[in-house]
Amino acid sequence: MKMNQLGKSDIYVSELTLGCMSLGQDKNKAKEIISTALAQGINHLDTADLYDFGLNEEIIGEIIKDRRQDVILTTKAGNHFSKETKDWFWDPSKEYIMQAAKESLKRLQTDYIDFFMLHGGTMEDPIDETIEAMEELKKAGLIRAYGISSIRPNVIDAYVRKSSIDGVMLQYSLLDRRPEESVLKQLDDNNISAIARGPLAKGMLSTYYKENITKKAAKGFLDYNQTELLQTVENIAALSEGMPMNELALKYVLQHPAVTTITFGASRIEQVIENTKVDLTTGLSEEMYEKLKEQTKRNIYEQHRV
């Protein structure tokens, strides 16, 4: 699997990233999923301290402790949570970010985090203070690089202007083209990696799209009502020239020059195998790429500018 540079850092991640939020709490099953991903060429695992209130990090730490050198590890912070009461509140303060990083290190059984992200963000945050925390963690060698996970263009813009972030995780798919509005170009122009999540749009761009649209999109998706959604995905399928829907969806997202890696979740080994068997060595033809755009809406971020 091709490895791509993460921003301006010395970190190289596989084109596909295993999102670990859906691993569950069965350690043996989680180990099988992670081992399968690594065997298929994936080197990048994405988690967050909030997932299962720290348990997700603990499980991953136990699984990879004997092969830490083979893994690029990403985790996130900013949601100040209590494992006991199972609640949390947003806290991007320097004090908490520093504390959260150290607690994640313990749970992950490692002495460094490759990529550390702020797990959200608003314009009301003490952004300079958050950046200061990240820079100090980086200087201390506790993290190698940092970034943010956000769908808010103005927050992303603030970090692009004020910090040395190397990556931004954002939702991006054929059905959610909001990042194309302005964010992806800005990231590309500043040599900052886009880490795309949700490329299969909750399975609505997978082989089982009809079933998933019926089950998961009764009220529609973004600007699509359910009827429009089904028609749009059927139009996409008609353009696929026999290409599996998963492959088409992944290739579309990866086609944008700003996108460094695509994150997909998995709760079963079969999902890992289905996505890693996709041949990503060749992209879509320019003609197909443009036709796919014509079939989908160019959603706007207007409701996410706060």
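Below is a summary of the structure that appears in this document.

What counts, and where the lines are drawn
Residues numbered from 1 in each chain as written. Predicted model: local features only at pLDDT ≥ 70, side-chain atom pairs only at ≥ 80, totals over all residues. Heavy atoms only, no water. Helix = DSSP H or I, 4+ residues; strand = E, 2+ residues; numbered from the N terminus. Rg over C-alpha atoms; globule rule 2.2 N^0.38 Å. Buried < 20%, exposed > 50% of the residue type's maximum accessible area, 1.4 Å probe, protein only. Contact = heavy atoms within 4.5 Å. Areas by Shrake-Rupley, 256 points an atom, 1.4 Å probe, with all protein chains shown as cover. Lys, Arg positive; Asp, Glu negative; His and termini not counted. Charge placed at Lys NZ, Arg CZ, Asp CG, Glu CD. Pairing = 2+ DSSP bridges. Axes fitted to C-alpha atoms, helices over the stretch in contact; angles between N-to-C directions. Left-handed = near helix turned anticlockwise from the far one by under 90°. Nonpolar A, V, L, I, M, F, W, Y, C, P; charged D, E, K, R; others polar. Patch = residues over 30% accessible without salt bridge, like charges linked within 9 Å, V, L, I, M, F, W, Y side chains within 5 Å. Salt bridge = Lys/Arg side-chain N within 4 Å of Asp/Glu carboxyl O. Phe/Tyr/Trp six-rings, centres within 6.5 Å; stacked < 30°, edge-to-face > 60°. Lys NZ or Arg CZ within 6 Å of the ring centre and 35° of its normal. Parallel < 35°, antiparallel > 145°, perpendicular 65-115°, else oblique.

**Here we look at the overall build of the protein**
A count of helical and extended segments in the protein gives eleven helices and twelve strands. For 306 residues, the compact-globule formula gives about 19 Å, and the C-alpha radius of gyration of the protein, at 19 Å, lands near that figure. Taken over the C-alpha atoms alone, the protein extends approximately 50 × 40 × 40 Å along its principal axes. Relative to its 306 residues, the protein shows a buried fraction of 55%. Considering only contacts within the protein whose residues lie at least 6 apart along the sequence, 75% involve residues at least 24 apart. About 13500 Å² of surface is accessible on the protein, with carbon and sulfur atoms providing 48% of the total. Between the averaged position of the 38 positive side-chain charges in the protein and that of its 47 negative side-chain charges there is a distance of 2 Å.

**Remarks on the sheet that holds strand β3 (residues 16-19)**
Ordered in space as β3-β4-β5-β8-β9-β10-β11-β12, the eight strands form a closed barrel in which the pairing is parallel. On average, each strand axis in the sheet is tilted by 30 degrees relative to the strand beside it, whichever way the strands run. Where strand β11 (residues 193-197) and strand β12 (residues 259-265) come together, four bridges link them in parallel fashion. Paired with Ala-196 across the two strands is Ile-262, which belongs to β12. Contacting β5 (72-77) and β8 (113-118), helix α3 (residues 94-108) runs over the sheet at an angle of about 140 degrees to β8.

**Structural notes on the environment of Lys-86**
Along the polypeptide, Lys-86 turns up in the loop between β6 (79-82) and β7 (87-90). Here Lys-86 falls in the partly exposed class, since its relative accessible area comes to 48%.

**With respect to the packing of α3 against helix α4 (residues 127-139)**
In the contact formed by α3 and α4, the axes pass within 8 Å of each other and the chain directions differ by 35 degrees. Between α3 and α4 lies a crossing whose hand is right-handed. Residues Lys-94, Glu-95, Ile-97, Met-98 and Ala-101 of α3 form the contact with α4, whose own contacting residues are Glu-129, Thr-130, Glu-132, Ala-133, Met-134, Glu-136 and Leu-137. Its residues placed into classes, the contact of α3 with α4 shows six nonpolar, one polar and five charged.

**Describing a nonpolar patch on the surface**
Side chains of Met-1, Met-3 and Tyr-12 sit close together on the surface and give an oily, nonpolar patch of about 270 Å² of accessible area. Met-3 gets classed as partly exposed once you look at its relative accessible area, which sits at 34%.

**Details of the pairing of β6**
When β6 meets β7, the two strands line up antiparallel, connected through four bridges. The partner of Phe-81 across the bridge, within β7, is Trp-88. Between β6 and β7, which pair antiparallel one after the other, the connecting turn spans four residues, and Lys-86 there sits at a positive phi close to 60 degrees.

**Overview of the packing of aromatic side chains**
Throughout the structure, instances matching the rule amount to three aromatic pairs. An angle of 55 degrees between the planes, with centres 6.0 Å apart, marks the rings of Phe-53 and Trp-88 as tilted. Here Trp-88 lies in strand β7 and Phe-53 lies in the loop between β4 (44-46) and α2 (55-64), a separation of 35 residues in the sequence. Look at Phe-53 and you get buried, because its relative accessible area is 15%. Ring centres of Tyr-172 and Tyr-252 lie 6.3 Å apart, and the angle between their planes is 55 degrees; on these two criteria the pair is classed as tilted. Taken together, the residues Tyr-172 in the loop between β10 (167-171) and α6 (183-189) and Tyr-252 in helix α9 (residues 245-255) connect sequence positions 80 residues apart. Of the residues examined, Tyr-172 reaches a relative accessible area of 0% and is grouped as buried. One Lys or Arg, Arg-68, reaches over the ring of Tyr-112 and ends 4.1 Å from the middle of that ring.

**Topic: the packing of α4 against helix α5 (residues 153-162)**
Their axes nearest at 11 Å, the elements α4 and α5 cross at an angle of 55 degrees. By the criterion of interaxial angle, the relationship of α4 to α5 is oblique. Note that α4 runs across α5; the crossing there is right-handed. Residues Ile-127, Asp-128, Thr-130 and Ile-131 of α4 form the contact with α5, whose participating residues are Ala-158, Tyr-159 and Lys-162. Of the residues in the contact of α4 with α5, the class split is four nonpolar, one polar and two charged.

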